[in-house]
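Architecture and fold: a report
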Amino acid sequence: VTPVPGFPAPTTHTQQVYSPFDTFTSRWTRADARQIKARSDPNVAVGANSMPTSVTMPDIPADFPQTNPDVWLWDTWTLIDAHANQFSYNGWEVIFALTADPNAGYTFDDRHVHARISYFYRRAGIPASARPRNGGWIYGGHLFPDGASVKVFGSTPLTNNAEWSGSTRLLKTDGNEVAVFYTALGFNRTAEGANIAPPVAIISKTNGRIHADLNHVWFTGFNNHTGLLQPDGTYYQTGQQNEFYSFRDPFTFEDPQNPGQTFMVFEGNTAGERGAKDCTAADLGYQAGDPNAEDLDTVQNSGATYQKANIGLAVSTDSSLTQWRFLPPLISANCVNDQTERPQVYIKDGKYYLFTISHRSTFAAGIDGPDGVYGFVGNGLRSDFEPLNWGSGLALGNPTDLNTAAGSDFDPDPQQNPRAFQAYSHYVMPNGLVESFIDTVEGRRGGALAPTVKIQISDATTQIDLSYGQNGLGGYGNIPANRYDLDWQGF
Ligand code: FRU
């Protein structure tokens, strides 16, 4: 990659494979992440999109439909096998989403502490064009019985608890047992919302069964919830080290290069005291003599040390996927970004892609990029991952003007692109389809499924497919199965 004038060269990443059990952690460096701003057009009209079209999600219309007027939904996932194939069950497509009640007296921005996992379903095998405009998802209700998920906290004092993201596995494709991996969140807060104690995040599992007849889909079980992992403070930062730590969003899979093992990726932070000035020259990642390199001390003193995300890895040590052991992180983003959320492993043409979502607001001082999905490619699960697209990592961002103040979804900057927070929590599905939820379009808040888009994934590049749907926008919540469960006899 020839450096853009005024910007550094990205770090050299070989994509070389290491054993998943090795201690090598790849770095998303400052030199890499600065390639995002390098590709931003400094001369666009204020509030336009300054990023290349190829890495921008097309504009979502402001008259988007609600998925369901009685429920806000955000992070959404599908019913998958060990290889991220999406299964329908007895002719029904099923999705899982974090949800909250729009009529309970709190705002959309306060939804997180009230999050419950719910499920939705619709008939499989109907083209998006023949569905209702909102995708036609039927709300099935909360997935777990009331009071079940709080039990993983035992006697820990809490003021409330929530169910945060994860993934759902169909354990055998000729059966109906499912395992839900999710994040149990416990809060102990004053009425004003200040932490009395740091939030407690426990990556948890619960098993249940899916059922369906001609008219509906339902679940049984999910009464017993098992805590699987809490941060160790060695690889993964604890709440005691940083009350703003991230530890969540488990995604499990089998790796064809390491058969017989089940792995989990998740969102973590690099262990250590909050803000410790311990980023290294390797985290900056500049080539020797780069005239656009930064000085390490200057970076350490810039506030960038508060942003140290990682993508964690764990391996299951029993066949029921109840015992897990931490492995060193796959990627760190020290002094680059504080949140690498909802990571997933996506294998295509022998290449291993790690996709993760992140925010403009969580980039470290001196680094900028849009809200969206970021990606990295290597030759195996643990690799010297190369950030996609010019070495930047940006795969698909919201239309954003990086020359203008960010604002936020809850307090927009009037000069910023009114779609800078249009969608979030992108999940890359088979065939490059990408689903997400709508946050804010032209000031209208969402809590609904976004139009599905499609990216072309090839080697170290991705590109939005503008021939998909209408100018690149497919159906709202078009989340199709690519596999039918073997039980299905047809309606
Ligand atoms: C991403 C996210 C997840 C978390 C959930 C909480 O949108 O931050 O990391 O599980 O939202 O609502």
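Up top is the structure these notes are about.
Residues numbered from 1 in each chain as written. Predicted model: local features only at pLDDT ≥ 70, side-chain atom pairs only at ≥ 80, totals over all residues. Heavy atoms only, no water.

**Overview of the sheet that holds strand S14 (residues 308-316)**
To be explicit about the condition: Two strands are counted as paired when DSSP detects at least two bridges linking them. Counting from the N terminus, the helices are DSSP H or I runs at least four residues long and the strands are E runs at least two residues long.
A sheet is described by the order of its strands in space; here 5 strands give the open sequence S2-S15-S14-S13-S12, paired in mixed fashion. Two strands bound the open sheet, and with one partner strand each, they are strand S2 (26-27) and strand S12 (248-254). Across 8 bridges, S14 lies against strand S15 (residues 324-334) in antiparallel orientation. Paired with Ala314 across the strands is Phe326, a residue of S15.

**Some remarks on empty space enclosed by the protein**
In plain terms, the rule: Here a cavity denotes a set of grid points, spaced 1 Å apart and computed over the protein atoms alone, in which a 1.4 Å probe fits but from which it cannot get out, and a pocket denotes an open set meeting protein on both sides within 12 Å along at least five of seven lines; residues with an atom within 4 Å of a point are reported as lining. Grid points are joined across faces, edges and corners, and a volume is the space filled by probe spheres set on the points. Here the term charged refers only to Asp, Glu, Lys and Arg, the term nonpolar to Ala, Val, Leu, Ile, Met, Phe, Trp, Tyr, Cys and Pro, and the term polar to all other amino acids, Gly among them.
Summed over all chains, the structure comprises 3 cavities of 30 Å³ or more. Of the pockets and cavities examined, the largest cavity occupies roughly 100 Å³. If you trace the largest cavity, you find 13 residues lining it, with Gly166, Ser167, Phe251, Arg342 and Tyr427 closest to the centre. Counting only elements with at least two residues in the lining of the largest cavity, the list comes to strand S3 (72-80), strand S8 (160-170), S12 and strand S16 (341-348). Of the residues assigned to the lining of the largest cavity, the class counts are 6 nonpolar, 5 polar and 2 charged. In this structure, the second largest cavity encloses a volume near 80 Å³.

**Regarding the nonpolar core**
Formally: The nonpolar core is taken to be a set of buried Ala, Val, Leu, Ile, Met, Phe, Trp, Tyr and Cys residues, with the residues joined through side-chain atoms within 4.5 Å. Accessible area is worked out with a 1.4 Å probe on protein chains only. A residue is then buried under 20% of its type maximum, exposed over 50%, and partly exposed in between. Should any heavy atoms of two residues lie within 4.5 Å, those residues are considered in contact.
Of all hydrophobic cores here, the largest spans 122 residues; its most connected members are Trp28 and Phe219. The element contributing the most residues to this core is strand S9 (residues 177-189), with 8 residues. Setting aside chain neighbours within four positions, we find Phe219 in contact with Val94, Phe96, Tyr119, Leu143, Val178, Arg209, Ile210 and His211. Ranked by size, the runner-up nonpolar core spans 8 residues in total, among them Leu284, Val299, Ala304 and Ala364.

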